[in-house]
Amino acid sequence: MSVALTSPAAAGPLHQQEPLRVMLVDDSVVIRGMISRWLGSEPDIVVAASLRTGREAVNQLERINPDIAVLDIEMPELDGISALPLLLAKKRNLVVIMASTLTRRNAEISFKALSLGASDYIPKPESTREAGAAETFRHDLVQKIRHLGARARRYASHPVAPAFAPALRDVTHRAPPVAHPTAPVVKRNFSQQNPRVLLIGSSTGGPQALMSMVADIGPVIDRFPVLITQHMPPTFTTILAEHLARASNRPAREAIDGEAVKPGHIYLAPGGRHMRVVRHGAEAVVALDDGPPVNFCKPAVDPLFSSAIDVWQGSVLAVILTGMGSDGMRGGKDIVAAGGSVIAQDEATSVVWGMPGAAAHAGICSAVLPLNQIAPKLVRLFSGDRS
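Residues numbered from 1 in each chain as written. Predicted model: local features only at pLDDT ≥ 70, side-chain atom pairs only at ≥ 80, totals over all residues. Heavy atoms only, no water.

Caption draft 1: Representation of the side chain of Asp346. Take Asp346: it is sitting in the loop between strand 13 (341–345) and helix 11 (355–361). When sequence neighbours within four positions are dropped, the list of residues in contact with Asp346 reads Trp353, Val368, Leu369, Pro370 and Leu371. (Helix = DSSP H or I, 4+ residues; strand = E, 2+ residues; numbered from the N terminus. Contact = heavy atoms within 4.5 Å.)

As structure tokens, then:
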């Protein structure tokens, strides 16, 4: 057993300036050592424990008292998916980030973990010797820990806040977050042009939000094409497309380069490739490319959003869902400048109000809505109702 403990924070309310306490749970000593070094160099993060099995994590949770657990899927004694509900039963507001290699089985398990209360997932690089892959993993992990941990602490300090874990079943029913002084959100009127395509961008918390939303926009999908960019690696997007097809009861799959974009279908940007749309004669077609990351992401939302105006001009309606960073904001500006409209998910129902918050504060949104109000609004807008 490999355990490295720091003393838990003193009893009483957590303060924003205290480092976030992370519990690493992975049977690979190499992975634990690498992540410990990375997180140890961050001033606002401390590795509270480094453990090799899910059983150790469950048994020592109260003593360690972490804010975040980075939980491997495949471990001896007790694997990650089995340890997850036991950890959340002991600490309801624990942020759990599932870590796994890019296999179909692990992708499926990661999606199951999200439905059981995991906050997010992160794919581990195939080889830690690949500098680019390791650096991307480091960047993504630190950002997830920082943003998810900070939000969980805000909820923990609010006496009526529910458990933070964003399970699909309760993602639309969270209490409002603790108030923070922010610039007022200025909304603009919806476009007077009838929308002819629905574009959606999402990141952290996106899979749960997408599955909830597409289940309620059947009338839109039946008459108009729906294109989605979710920040997600290969294999994971394959599984997400299958989940979206089941949730919507409509055709949904990873987009194919050069295929025509048709009503009645959901097109998902494949992991590792940007998705754009271009006009080919009278048709709109998918254009995939292997260019560099945009906003640290590949696929990224901005390329899809910006390309759509060359095909549909001002008849574009875009939705920006939960996610870290600001991807989608620049593309949203292009859509609005061309005469289209943008809707953002509100802060209370977002796992992270980065992407939708950036769009809202940029003044490009015609509505900022809770997740469970977005689908009904879309159905009305695509039916010609501008109210």
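Caption draft 2: Just the layout of surface pockets, in detail. In this model, the largest pocket occupies a volume close to 1000 Å³. Lining of the largest pocket is provided by 37 residues; of these, Thr136, Asp140, Phe296, Cys297 and Lys298 occupy positions nearest its centre. Of all elements in the fold, only strand 5 (120–123) and helix 5 (131–156) reach the threshold of two or more residues within the lining of the largest pocket. With 10 residues, helix 5 is the single largest residue contributor to the lining of the largest pocket. Here the lining of the largest pocket is composed, by residue class, of 15 nonpolar, 13 polar and nine charged. (1 Å grid on protein atoms, 1.4 Å probe; cavity = no way out; pocket = protein on both sides within 12 Å on 5 of 7 lines; lining within 4 Å. Points joined across faces, edges and corners; volume = space filled by probe spheres on them. Nonpolar A, V, L, I, M, F, W, Y, C, P; charged D, E, K, R; others polar.)

Caption draft 3: Seen up close, the environment of Arg279. Take Arg279: it is sitting in strand 10 (residues 274–280). According to the relative accessible area criterion, Arg279 is partly exposed, its value standing at 41%. Remark: the alpha-carbon pair of Arg279 and Ala260, spanning 19 residues in sequence, is separated by 9.4 Å. Filtering out sequence-adjacent residues up to four positions away, Arg279 remains in contact with Ala284 and Val311. One polar contact links the side chain of Arg279 to the main-chain carbonyl oxygen of Val311, over a distance of 2.9 Å. (Buried < 20%, exposed > 50% of the residue type's maximum accessible area, 1.4 Å probe, protein only. Polar contact = N/O pair within 3.5 Å; in protein donor to acceptor, adjacent residues only side chain to side chain.)

Caption draft 4: Region of the structure containing helix 3 (residues 80–90). Of the positions making up helix 3, those classed as buried are Gly80, Ile81, Ala83, Leu84, Leu87 and Leu88. Each buried residue of helix 3 lies within a common arc of 150° when the element is viewed along its axis, so the set occupies one face. (Arc of directions from axis to C-beta.)

Caption draft 5: Spotlight on the packing of aromatic side chains. Tallied over the full model, the rule gives four aromatic pairs. An angle of 50° between the planes, with centres 4.8 Å apart, marks the rings of Phe224 and Phe382 as tilted. Linking Phe224 in the loop between helix 7 (218–223) and strand 7 (226–230) with Phe382 in helix 12 (residues 371–382), this pair joins segments that are 158 residues apart in sequence. A relative accessible area of 5% means that Phe382 is categorised as buried. Here a set of aromatic residues connected by ring pairs shows up, and it is made of Phe111, Tyr121 and Phe236. (Phe/Tyr/Trp six-rings, centres within 6.5 Å; stacked < 30°, edge-to-face > 60°.)

Caption draft 6: Structural context of the packing of helix 3 against helix 4 (residues 104–116). One can describe the packing of helix 3 onto helix 4 by two numbers: an axis separation of 10 Å at closest approach and a directional angle of 15°. Judged by the inter-axis angle, helix 3 sits roughly parallel to helix 4. Relative to helix 4, the crossing made by helix 3 is right-handed. Taken together, the residues of helix 4 that come into contact with helix 3 (itself represented by Ile81, Leu84 and Leu88) are Ile109, Lys112, Ala113 and Leu116. Residue classes in the contact of helix 3 with helix 4 are distributed as six nonpolar, no polar and one charged. (Axes fitted to C-alpha atoms, helices over the stretch in contact; angles between N-to-C directions. Parallel < 35°, antiparallel > 145°, perpendicular 65-115°, else oblique. Left-handed = near helix turned anticlockwise from the far one by under 90°.)

Caption draft 7: Inspection of the pairing of strand 10 at higher detail. In the sheet, strand 10 pairs with strand 11 (residues 283–289) via seven bridges, with the strands oriented antiparallel. Bridge pairing in strand 11 links Val277 to Val286. (Pairing = 2+ DSSP bridges.)

Caption draft 8: A look at unusual backbone geometry. A cis amide bond links Lys298 with the next residue in sequence, Pro299, at an omega value of 15°. Along the chain, Pro299 falls in the loop between strand 11 and helix 9 (301–312). Positive phi is not limited to glycine here, since Thr235 has a value of about 75°. By the element assignment, Thr235 lies in the loop between strand 7 and helix 8 (236–248). Among the residues examined, Thr235 registers a relative accessible area of 25% and is labelled partly exposed. A positive phi angle, near 60°, is found at Asn249, a position not held by glycine. By secondary structure assignment, the location of Asn249 is in the loop between helix 8 and strand 8 (252–254).

Caption draft 9: Broad picture of the side chain of Arg32. Mapping Arg32 onto the fold places it in helix 1 (residues 29–40). Buried and without a salt bridge, Arg32 has Asp26 as its closest oppositely charged side chain, separated by 5.6 Å. In this structure the side chain of Arg32 is engaged in a polar contact, spanning 2.6 Å, whose partner is the backbone oxygen of Asp26. (Lys, Arg positive; Asp, Glu negative; His and termini not counted. Salt bridge = Lys/Arg side-chain N within 4 Å of Asp/Glu carboxyl O.)

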